Amino acid sequence: MADTSAAPTPAERVRTILATAGSLMVETDGFRCDLVGLHTPGPDPDPAAEPDRLLRLHPPADSALASRVVRAPTGDLPVRLHLTDIAPVGVRDRVRARVTLIGWLAPERAQPDAERLTLGFDAAEVLVVAAGDGTGPAAGSGPATPDVAVVDPDELAAARPDPLAAQESAMLLHLADSHRDAVDALTRLLDPAVLHGAVRVHPLAMDRHGLTLRLEHLRTHRDVRLPFPAPLTDPAEAGPAVRTLLQAAHHCPRRPTPRGSGPHS
């Protein structure tokens, strides 16, 4: 039997967000700037190799951020990095998680691009604030309680991104746009009490452990997880895993299902 509580660890969640987020915000001593497409995550950890940087930033060499790092008295600049995990499907509240990393930026020894300064980031503290997954208040009585976790930097360095991360967005959009009937059918796996008052249901997230649905009520929402029979190791396994859930759903009693009615801002 699948573990209904199985989910990525906070460290895996952060590594996944670092691998998929397209932008981040840098904050230091009253200065803030947004970097879009100017950061790269470190490679997956290799026990046989020396630990690599968790993250590298590549701001323009003539930017205010680059200047602050170069002029830092101790050779590295204390910073906070903020990343946001956004759901690809148009739900009411698209923020799935927020990550804050506290640490230092310093120029790398190798500078392959004269027009950009390559900065290595070393983390001292990591915080992830994730949306509730259905363990908060009952549907209709308020939004799920956010889940706040402090991640140990060593644990983060040893964690890997979720194997579905690169394909998750395309898979969720395919479910939402082309398989509305399948999404509705999956609600048969849920406790009827959870569905009470729900007016729409959307696929919100997918990871190696399961699929998360967003149940929207008139003024609130709640997220519920449907665990896969076993953890996945490759995106190619996601389709069969969802079909297994659908087979189980078809053996459940039919009940009224909420219907999605378009994206939300």
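Residues numbered from 1 in each chain as written. Predicted model: local features only at pLDDT ≥ 70, side-chain atom pairs only at ≥ 80, totals over all residues. Heavy atoms only, no water.

## Topic: the pattern of salt bridges
Tallied over the full model, the rule gives 13 salt bridges. Close ionic contact of Asp44 with Arg160 constitutes a salt bridge, the shortest N to O distance being 3.6 Å. Residue Asp44 is located in the loop between strand E3 (39-41) and strand E4 (55-57), and its partner Arg160 is located in the loop between helix H3 (153-158) and helix H4 (165-178); the two are separated by 116 residues in the primary sequence. By relative accessible area, which is 42% here, Asp44 ends up partly exposed. (Salt bridge = Lys/Arg side-chain N within 4 Å of Asp/Glu carboxyl O. Helix = DSSP H or I, 4+ residues; strand = E, 2+ residues; numbered from the N terminus. Buried < 20%, exposed > 50% of the residue type's maximum accessible area, 1.4 Å probe, protein only.)

## Examining the sheet that holds strand E9 (residues 200-207)
The 3 strands are arranged E9-E10-E11 in an open sheet whose pairing can be described as antiparallel. Single-partner strands in this sheet number two, and they are E9 and strand E11 (221-227). Shown here is a sheet whose adjacent strand axes are inclined to one another by a mean of 25°, direction ignored. Here E9 pairs with strand E10 (residues 210-216) via 7 bridges, running antiparallel. Paired with Met206 across the two strands is Leu211, which belongs to E10. Across the sheet, H4 is in contact with E9 and E10; its angle to E9 comes to roughly 155°. (Pairing = 2+ DSSP bridges. Axes fitted to C-alpha atoms, helices over the stretch in contact; angles between N-to-C directions. Contact = heavy atoms within 4.5 Å.)

## Quick look at the side chain of Asp223
Residue position: Asp223 is located in strand E11. Polar contacts involving the side chain of Asp223 include one to the side chain of Arg214, which spans 2.3 Å. (Polar contact = N/O pair within 3.5 Å; in protein donor to acceptor, adjacent residues only side chain to side chain.)

## With respect to the packing of aromatic side chains
Geometry of an aromatic ring pair is reported as the spacing of the ring centres plus the angle between the planes. This structure, assessed with the given rule, holds 0 aromatic pairs. When the ring centre of Phe31 is taken as reference, the NZ or CZ atom of Arg68 above it lies at 4.0 Å. (Phe/Tyr/Trp six-rings, centres within 6.5 Å; stacked < 30°, edge-to-face > 60°. Lys NZ or Arg CZ within 6 Å of the ring centre and 35° of its normal.)

## A look at the confidence of the model for the chain
Scored by pLDDT, the chain has a mean of 88; 86% of the residues are at 70 or more. Below pLDDT 50 for its whole length, residues 133-143 participates in 26 contacts with residues either more than four positions away or in separate chains. Ignoring residues within four places in sequence, the model shows residues 261-265, a span with pLDDT below 50, making 13 contacts including any to other chains. (pLDDT = per-residue confidence, 0-100.)

## Focus on the environment of Glu27
When you line up the elements, Glu27 lands in strand E1 (residues 23-28). Using a relative accessible area of 22% as the deciding quantity, one classes Glu27 as partly exposed. Sequence-wise, Glu27 and Val79 are 52 residues apart; in three dimensions their C-alpha atoms are separated by 5.6 Å. In this structure, Glu27 is in contact with Arg32, Val79, Arg80 and His82, ignoring residues within four places of it in sequence. Only 3.4 Å separates the side chain of Glu27 from the side chain of Arg32, close enough to count as a polar contact.

## With respect to the side chain of Thr118
Within the fold, Thr118 resides in the loop between strand E6 (95-107) and strand E7 (119-130). Here Thr118 falls in the buried class, since its relative accessible area comes to 8%. The contacts of Thr118, once residues within four sequence positions are left out, are Arg56, Leu57, His58, Ala106, Pro107, Glu108, Ala110, Gln111 and Pro112.

## Brief notes about the environment of Gly210
Within the element layout of this structure, Gly210 appears in strand E10. Taking relative accessible area as the criterion, Gly210 reaches 0% and is therefore assigned buried. In the structure, Gly210 is positioned 28 residues away from Ala238 in sequence and 9.1 Å away in space, judged by C-alpha atoms. In this structure Gly210 touches Ala205, Arg225, Leu226, Pro227 and Phe228, once residues within four positions along its chain are discounted.

## Re the nonpolar core
Core analysis: the largest hydrophobic core is formed by 36 residues, its most contacted members being Val26, Leu57, Leu65, Leu81, Leu101 and Leu105. Considering each element in turn, this core owes the most residues, 5 residues, to E7. Discounting chain neighbours no more than four positions away, the residues touching Leu57 are Leu24, Val26, Leu35, Leu38, His39, Leu65, Leu81, Leu105, Leu117, Thr118 and Leu119. Membership of the second largest hydrophobic core comes to 31 residues, among which are Val194, Ala198, Phe228 and Leu232. (Core = buried A, V, L, I, M, F, W, Y, C linked by side-chain atoms within 4.5 Å.)

## A word on helix H7 (residues 238-250)
Across its 13 residues, H7 extends 19 Å between first and last C-alpha, which sits within 8% of the 18 Å expected from 1.5 Å per residue. Of all the positions in H7, only Ala238, Ala241, Val242, Leu245, Leu246 and Ala249 are classed as buried. Within H7, the buried residues cover an arc of 145° as seen down the axis, which keeps them to one side. Looking at H7, the residues exposed on the side facing more than 90 degrees away from the buried face are Gln247 and His250. Buried residues in H7 make contact with H4, helix H5 (180-186), E9 and E11. (Expected span 1.5 Å × (residues − 1). Arc of directions from axis to C-beta.)

## Details of unusual backbone geometry
Despite not being glycine, Asp29 has its phi angle at roughly 45°, a positive value. By secondary structure assignment, the location of Asp29 is in the loop between E1 and strand E2 (31-36).

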